[in-house]
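Understanding the architecture of this molecule
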Amino acid sequence: MVLMFLKRLVVYLMKVKLGERGLKAIVNEAKEDKETVIEDLLSLLSTNTLDNMTDDFEANFHNIEKTIFVPPLLVRDYTRGNPLAGKYYGTRTQTVILLDKNGELTYIERNLHTSDDLTEEPMTQRFDMKIPYEQ
């Protein structure tokens, strides 16, 4: 049991390391243009490293632990007695929060899917605000 847990933890940490490397690369480029940084971060959140994917959720279950972005995967018997359950499992929302040294906070949330309709266009909301603080 412990060995199985440790194997899963190592696989999960691969995803975390992938995200850390991507975030460090974006930060190290030190772009002055906030919009470019935001797009780079959203692109990082869309990193899909899955190989040999099928439409079968059960068959893909162990692969999804390795990727930052999980594409919509059809779930077998998706209701399982729950009328709120969706047909698909995957990344539905991506969030970026930036706070600069002047206290300017930008919160961006991109909803990729709000329902089982995979043809819907992603919706992005953005909130910019000033956080008062003393330097």
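Thresholds applied
Residues numbered from 1 in each chain as written. Predicted model: local features only at pLDDT ≥ 70, side-chain atom pairs only at ≥ 80, totals over all residues. Heavy atoms only, no water. Core = buried A, V, L, I, M, F, W, Y, C linked by side-chain atoms within 4.5 Å. Buried < 20%, exposed > 50% of the residue type's maximum accessible area, 1.4 Å probe, protein only. Helix = DSSP H or I, 4+ residues; strand = E, 2+ residues; numbered from the N terminus. Contact = heavy atoms within 4.5 Å. Polar contact = N/O pair within 3.5 Å; in protein donor to acceptor, adjacent residues only side chain to side chain. Pairing = 2+ DSSP bridges.

Naming follows an unreviewed UniProt entry, where the protein chain appears as Transport and Golgi organization protein 2 of Cyberlindnera fabianii.

Notes on the nonpolar core
Counting residues in hydrophobic clusters, the biggest one holds nine residues: Ile26, Val37, Ile38, Leu41, Leu42, Leu44, Val96, Leu98 and Ile108. Taken together, the elements giving at least two residues each to this core come down to helix H2 (34–45) and strand E3 (93–99). In terms of residues, this core owes the most to one element, H2, which gives five residues. Residues contacting Leu98, with those up to four places away along its chain left out, are Lys34, Val37, Ile38, Leu41, Glu104, Leu105 and Thr106.

Things to note about the side chain of Asn111
Mapped onto the elements, Asn111 comes out in strand E4 (residues 104–111). With relative accessibility at 13%, the residue Asn111 sits in the buried group. Among the polar contacts listed, one links the side chain of Asn111 to the side chain of Thr93, at a separation of 3.0 Å. Beyond its immediate stretch of four places on either side in the chain, Asn111 contacts Arg92, Thr93, Pro122 and Met123.

Remarks on the pairing of E4
By the criterion of burial, E4 is predominantly enclosed, with six of the eight residues buried. Pairing geometry for E3 and E4, over seven bridges, is antiparallel. If you follow Leu99 over to E4, its bridge partner there is Leu105. Between E3 and E4, which follow one another and run antiparallel, lie four residues, and Gly103 among them has a positive phi close to 85°.

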